[in-house]
Amino acid sequence: MWFGILIGITPLFIGYLLKVNNTRLMNKINQCLSIMVYLILFLMGSELAQLEDLINNLQNIFLSTSILFACSFGFNLIFLMVLDYFFPWRNQANNELLPSRFKMILESLRVFLALILGFIAGRLPLPIWQYNQLFSGIILVILLLLVGIQLRSNNISIKQIIVNKVGITTTIIVTVTTLLGGWLASYILELPTNTTLAMSSGFGWYSLSGILMTKAHGAVIGSITFLNDILRELCAIILIPSLIKRFKLTALGVCGATSMDFTLPILQKSGGIMMVPPAIVQGFLFTLIMPVLMTMLNYYF
């Protein structure tokens, strides 16, 4: 139990202690992170391909993903929109031309390609697949270490996090309502409550959540978690331009952990520069909370 928790937390905090000021080196770290995300998804796909009774498992994955996403993301939307209605956050909207939503969706869907390629490769009878768990564990530790370094490079102080009430508020609301949705999903899916709570607590960080859940519960649960989180990112991209003028807190909150990276540009361009500080704080907090919460739910409860 404690080994699993340490593997999920220690590399992240070690990385956060390492400050890198060299821009060229940080660019290399960012490139390595991208490569490792695709490697992890490739390994997930190969492990999924080796499941027995594959067709029925795929049907179960898509149905369970739909239910989990409807519960967790649906509760996020409802509670955030209520918060927006009673306590609206007003700032100057930006009139910059938005990037093509279609282009951003296609970019997001690229992650599926790695999963599909891994699935195809996993159908081949290669002896290397017996080392999947070992490869995944090594990549996971390196990934978390690099993410910690990346977080430190943003130069976000504890004071900046504490005083940013908007970012903290959306983080709390999304965390609580996501777990509430995961609790409801446990009854519908007839799975242990701690498992569905862990599945729902990826907050959009699909690469890490998928591999953590795969290691803890196998390829089926890992794939459901991955799809649930990639759906969050896709829906956030689609909904931000429609929500941003009237429901700013909602537009920010539904992004989850992606508000610090992938969805940050569209948040800024559609909602103005004032969206950036809370978006970075929210993404930063979720990046710290997610591996801790998910590993605790998997190995402690």
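See the structure printed just above.
About the thresholds
- Residues numbered from 1 in each chain as written.
- Predicted model: local features only at pLDDT ≥ 70, side-chain atom pairs only at ≥ 80, totals over all residues.
- Heavy atoms only, no water.
- Helix = DSSP H or I, 4+ residues; strand = E, 2+ residues; numbered from the N terminus.
- Buried < 20%, exposed > 50% of the residue type's maximum accessible area, 1.4 Å probe, protein only.
- Contact = heavy atoms within 4.5 Å.
- Axes fitted to C-alpha atoms, helices over the stretch in contact; angles between N-to-C directions.
- Parallel < 35°, antiparallel > 145°, perpendicular 65-115°, else oblique.
- Left-handed = near helix turned anticlockwise from the far one by under 90°.
- Core = buried A, V, L, I, M, F, W, Y, C linked by side-chain atoms within 4.5 Å.
- Phe/Tyr/Trp six-rings, centres within 6.5 Å; stacked < 30°, edge-to-face > 60°.
- Lys NZ or Arg CZ within 6 Å of the ring centre and 35° of its normal.
- Nonpolar A, V, L, I, M, F, W, Y, C, P; charged D, E, K, R; others polar.

Visitor: Help me understand the overall build of the protein chain in this model?
Guide: Across its full length, the protein chain carries 13 helices and 0 strands. Reading the protein chain from its N terminus to its C terminus gives the helix and strand order α-α-α-α-α-α-α-α-α-α-α-α-α. A burial count over the protein chain gives 51% of its 301 residues as buried. Within the protein chain, contacts between residues separated by at least 24 positions form 83% of all contacts whose residues are at least 6 apart in sequence.

Visitor: It is not clear to me how the packing of helix 8 (residues 193-200) against helix 13 (residues 276-299) should be interpreted in this structure. Could you clarify?
Guide: Each pair of packed helices can be summarised by the angle the axes make with each other and by the distance between the axes. Between helix 8 and helix 13, whose axes approach to 9 Å, the crossing angle comes to 165°. As judged from the angle between their axes, helix 8 and helix 13 are roughly antiparallel. Two packed elements cross with a definite hand, and for helix 8 against helix 13 that hand is left-handed. Contact residues: Asn194, Leu197 and Ala198 in helix 8; Met294, Leu297 and Asn298 in helix 13.

Visitor: Please clarify how the nonpolar core should be interpreted in this entry.
Guide: Generally speaking, nonpolar side chains in soluble globular proteins are found buried as a group. Membership of the largest hydrophobic core comes to 76 residues, with the highest contact counts inside it found for Leu41, Leu143, Leu208, Phe226 and Leu267. Setting aside residues no more than four positions away along its own chain, Leu208 makes contact with Leu140, Leu143, Leu144, Met290 and Pro291.

Visitor: Please clarify how the packing of aromatic side chains should be interpreted in this entry.
Guide: Remark: the centre distance and the inter-plane angle together describe each pair of aromatic rings, the angle taken between the planes. Within this structure, the stated rule accounts for 8 aromatic pairs. The interplanar angle of 75° and the centroid separation of 5.2 Å between the aromatic rings of Trp183 and Tyr187 together place this pair among those described as edge-to-face. One end of the pair, Trp183, and the other, Tyr187, are both in helix 7 (residues 165-189), 4 residues apart, so they sit about a helical turn from each other. Its guanidinium or amino end placed over the ring of Phe247, Arg246 lies 4.9 Å from that ring's centre, counting from NZ or CZ.

Visitor: Can you walk me through the environment of Phe69 in this structure?
Guide: As for its position among the elements, Phe69 is in helix 3 (residues 54-86). Separated by 158 residues in the primary sequence, Phe69 and Leu227 have C-alpha atoms spaced 8.8 Å apart. The residues touching Phe69, leaving out its near neighbours within four places in the chain, are Gly74, Asn228, Leu231, Arg232 and Cys235.

Visitor: Is there a simple way to think about the packing of helix 2 (residues 23-49) against helix 9 (residues 206-217) in this case?
Guide: Interaxial distance between helix 2 and helix 9 falls to 9 Å at its minimum, and their mutual angle equals 40°. Classified by the interaxial angle, the pair formed by helix 2 and helix 9 is oblique. Judged by the sense of rotation from one axis to the other, the crossing of helix 2 with helix 9 is left-handed. Between helix 2 and helix 9, the residues in contact are Val37, Ile40, Leu41, Met44 and Glu47 and Tyr206, Ser207, Gly210, Ile211 and Thr214, respectively. Among the residues forming the contact of helix 2 with helix 9, the class breakdown is 6 nonpolar, 3 polar and 1 charged.

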